[in-house]
Each structure stands twice: as structure tokens, then as C-alpha cells.
Amino acid sequence: MTELNGARLTAARRAADLNALADGALLDVLVIGGGITGAGIALDAASRGLRVALVEKHDLAFGTSRWSSKLVHGGLRYLATGNVGIARRSAIERGILMTHNAPHLVHAMPQLVPLLPSMSHSKRALVRAGFLAGDALRALAGTPSSTLPRSRRVSARRVVEMAPTVRRDGLDGGLLAYDGQLIDDARLVTAVARTAAQHGARILTYVAASQATGTSARLTDQRTGQSFDVSAQAVINAAGVWAADIDGSLRLRPSRGTHLVFDASAFGNPTAALTIPIPGELNRFVFAMPEQLGRVYLGLTDEAAPGPIPDVPEPSAGEVEFLLDTVNTALGTALQATDVIGAYAGLRPLIDTGEGRTADVSREHAVVESPAGVISVIGGKLTEYRFMAQDVLDRAVSLRRLSAASCRTHQLPLIGAPSNPGPVAGATAGLPASLIARYGAEAPTVVASASCARPTEPVVEGIDVTRAEFEYAVTHEGALDVDDILDRRTRVGLVLRDRERVVDEAAEFLAGVAGS
């Protein structure tokens, strides 16, 4: 199934796919986990011609994949620790996303380091050298400077224009570099999963997997309680921080990364990510990043998170204090806890090496086979999801002798990219800019397929998410409840006061198109 309408995820399609699996539909690959890695594996497998199903016990991007900094890193940080391999791969994968697969979702983000008196000359030289190394990485990856501009020094006046609340006493200009920024990480997961569906994958949310072996698993529909067994040539565990629930022999060491959410006006509506070196750290920074919906995200931390894995991690008071204290070193007027309008935390699925701080644990991934034959991919980072998917699927094809074509995801545009626009290709002129930012070339389809009144109007005044987007989340993107709409298809739910304003509208859209 490669027709464009195959990207449509609905409750009816989910039910039909579940029934087919319960009736013994043949599978080459069963993927467990609906985050970015699992969705990437499903796309890779389906685009190679394999029969694939993805199951996720919650919703798409329910876990770590929605709690990131929304950055597609070029790997600069890893150069500082001597890990050239992961740095180079990160730069290559960033370039693939920005120029081929998802140019509508990933754009150049200015990163601005203000040169303040507290920053020593040696630290300035180190940052500048790092930015130049980043330029070299970009060139080595083949990403043109028209996509990611070269780094440079800028004047104090320009610093203030881009980050109006920066401290001005003694400001000696700034260092400016560029990295990739996602409009939203959960939207990337949705786009990858829908593109996998476009190529024939069965995408099944709210379906839990248990009793997994190398060729089978028990599936349970979380909405009805129905359970049944499925068989597959290969079972791949991409459950992230929950991977050990599928394969108990795995050893992970989760670390928590926390972000605070502000109204952009608290930072003077910046146009660049204010980048502040963490005192006493060689290659770690705090970022205040302008984001969609008129917000700024401030992050991030790297704290050990031992113990049971929560469904929704919570920031600690210490992390909130650390982020505020660090950003305030670069601001003219200090931010207070009362300026924070939301917060979120995510757990990195790091491989347990048994030593060192989590901040120093490698972001490399690993592919391992359990004694029962389950193939797991653990560790890694969002930027490298496509490479990780290729790696684990290549291993599965080899181990299980699957008949599959070669990987082609490095040139496969996601739904919404200019060369994969959706069934209603057309001009986006006149459509809300925020809608285009989230859907790219698919934006005309979002509006054309809407049956609601006033499709291009905001769901409520002051929130730039349209009514058509709420409807589309249900009719095309597999949203099955209010949280799916507010927390993952859109990010309105990050701010409680905004969530409260739109929750009834989301419920109405669900009721109006139930079963579509």
C-alpha cells in the first residue's frame, strides 16, 4: 500500500488491523514501541517490502520522544569528548532530515552565546573553536551552508536584537552558530509512523506486548482487554526506557532531562536560542529556545533517575532551580519561578556502563539479541533514529534471513515533505503560518479534509492551533482520546491554563468523528 491515502491512521483502521493480526495475518517484523526509534524501524521495514506491525502500549511518542529539546543535533558536543564517530553520524543524519526526509519539520536554529564579562577568554576561544569544528562537520556531512549557515561573531547590538533580555553590562558581542530545530518531536514521530503506514505498516497504539520471543508475542488491546498471540519472523524491541520490560536481561541507566516552559514575552520574544555555558562544565550548555505557540523552552538537565520507570517523569525542584540560576547569569532581569508556565521531563535510555555521571555516559546505541531471540535496540539519540533503525533492521534481516530490499530511508521523504505532500497537493498561500510549520506540504490536505465549521480558525482565541488540526488528529493521525490530541498531536497541553481552555473542544471533535 503506497498510495498517499495509506498514511491515514484512524480508529477504524486500527480495529481492522487488530482483527487481521488476531486472525493470523502473517508478519515479517513485529516492532514493540511507538517512539521515534520504533516508528523509524517500522518505516524502514515497510519500505523494504516487509510485512510489519508496530505496537505501542500507549500513544505514539508517549515516552521520551516527546520530551526532548526539539533539536536535531549536529554532534558538536561529542567532538569535545573525542567521540568523532557519533559526531559525524549526527551531522549526516541531521543533513538527511533537513534536505531530504523532513525539510518541513526541521529548520536552522540560531544558537547565540553572549560574550559576557563572566566568560573567560579561554572559554570564549573554546566555544569559537567548537563552532568552527561544527562548521567542518556540516561540510563533511554534505549539508550546504544555505541550509545551515556558517558560524560567526556578531555585535552586541545584534545580540540584543536576537535575545532582547540578555545582560547588557559589559556585553562584548556574541558567537552565533546554527543547528537543526524540530517544530516538534512528537510531530516527527507521527510523520514517520504515518509514512510507515503509507508503505503498508500496521500502526497499532494502545496495544501492549508481553511474553515476547524471537518469533512471537502476546498482544493485549488496552482499550478492550482482548489478548491474542502473534507470530513474526523477527521481533524487535524498541521500547526505549521500558526495553527491560520486554527483555529482562537488558541493563539501562536512565537519566532525566528537564525543561521549563515560558511565555516568549518573558525573554522579549527572542529569535535565537540563548546559549549559556554551565559553570564548571567543558561542553554543556543551557538553552533558552524559541518554540511554537509563542513559548520558550529552557533546558536541559542531566540527572540520574534510578528506580521504577514512571509513565510521565516529573522535574525535580533542584532541576528547576538549576535552570533558573544558570539562565539568570546571562539575563539583565532575573526570571523567577513564577514566570514558569509549564515544565516537562524525559528519561534518556542510556546503556548502563556502571560508572561515571549520566552526563558523561555515551549516547551510542547497541543492538543485542536476548536468549529468547528478541532483537533489542537500546541507547542512542533522537537525531540518529534513522541510522539506528537501519542498523537494527539490517541485523534482523541477516539473523532471520528475511527477503528484503536494501534500506532506502536516507532518501525517503516523510509525509508533508514537498515530494510527499498528501492527497490534496496545492499552494499553501493564505493558510495560517503555524499550520504550514507543523504540516508542510500536507497543510492543504488538513484544511480540505476538514468537515468542521471555520477550519482555519484557532480552536480558541490566542492559541494558534486550528480547528482543522484537532479534527485531523482524529481522522488522519490516530488520536483516540483527548490527551492524544492535546499532548502529542499538538502541544497545547504543556501549559495547564491552555489545556483547560481547549479540553472541551478536543472532546467535541473526538465525539463528532468517533469511528471515522
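Residues numbered from 1 in each chain as written. Predicted model: local features only at pLDDT ≥ 70, side-chain atom pairs only at ≥ 80, totals over all residues. Heavy atoms only, no water.

- The protein has the name Glycerol-3-phosphate dehydrogenase in an unreviewed UniProt entry, where Mycobacterium ahvazicum is given as its organism.
- In its Subcellular location (unreviewed entry) section, UniProt records this for the protein: "Cytoplasm". (UniProt positions renumbered as here; feature names shortened; annotations may be inferred.)

**Things to note about the domain arrangement of the protein**
Working step 1: Here the domain parsing of the protein yields domain 1 (11-65 + 186-251 + 361-411), domain 2 (252-351) and domain 3 (433-515).
Working step 2: Each of domain 1 and domain 3 has a C-alpha centre, and these two points are 27 Å apart.
Working step 3: On the side of domain 3, 14 residues touch domain 1, which itself brings 14 residues to the contact.
Working step 4: Approximately 1,200 Å² of surface area, both sides summed, lies buried where domain 1 meets domain 3, with 43% of it carried by carbon and sulfur atoms.
Working step 5: When the buried surface of domain 1 facing domain 3 is broken down by residue, Asp59, Arg187 and Arg194 rank first, second and third, together holding 46% of it. (Domains from an automatic or database assignment. Contact = heavy atoms within 4.5 Å. Buried area = accessible area lost by both parts, 1.4 Å probe.)

**Some remarks on the side chain of Asp28**
Working step 1: Structurally, Asp28 can be placed in the loop between helix 1 (11-22) and strand 1 (29-32).
Working step 2: Ignoring sequence-local partners within four residues, the contact set of Asp28 consists of Leu50, Arg51, Ala232, Gln233, Ala234 and Leu402. (Helix = DSSP H or I, 4+ residues; strand = E, 2+ residues; numbered from the N terminus.)

**So, the packing of helix 2 (residues 36-47) against helix 7 (residues 185-198)**
When two helices pack together, their arrangement is captured by the angle between the axes and the distance separating the axes.
Working step 1: At a minimum axis distance of 8 Å, the contact between helix 2 and helix 7 shows a crossing angle of 25 degrees. Regarding the angle of helix 2 to helix 7, the classification is roughly parallel. For helix 2 against helix 7, the interelement crossing comes out left-handed. Seen from helix 2, the contacting residues are Ile36, Ala39, Gly40, Ala42, Leu43 and Ala46; seen from helix 7, they are Leu188, Val189, Val192, Ala193, Thr195 and Ala196.
Working step 2: For the contact of helix 2 with helix 7, a count of residues per class yields 10 nonpolar, 2 polar and no charged. (Axes fitted to C-alpha atoms, helices over the stretch in contact; angles between N-to-C directions. Parallel < 35°, antiparallel > 145°, perpendicular 65-115°, else oblique. Left-handed = near helix turned anticlockwise from the far one by under 90°. Nonpolar A, V, L, I, M, F, W, Y, C, P; charged D, E, K, R; others polar.)

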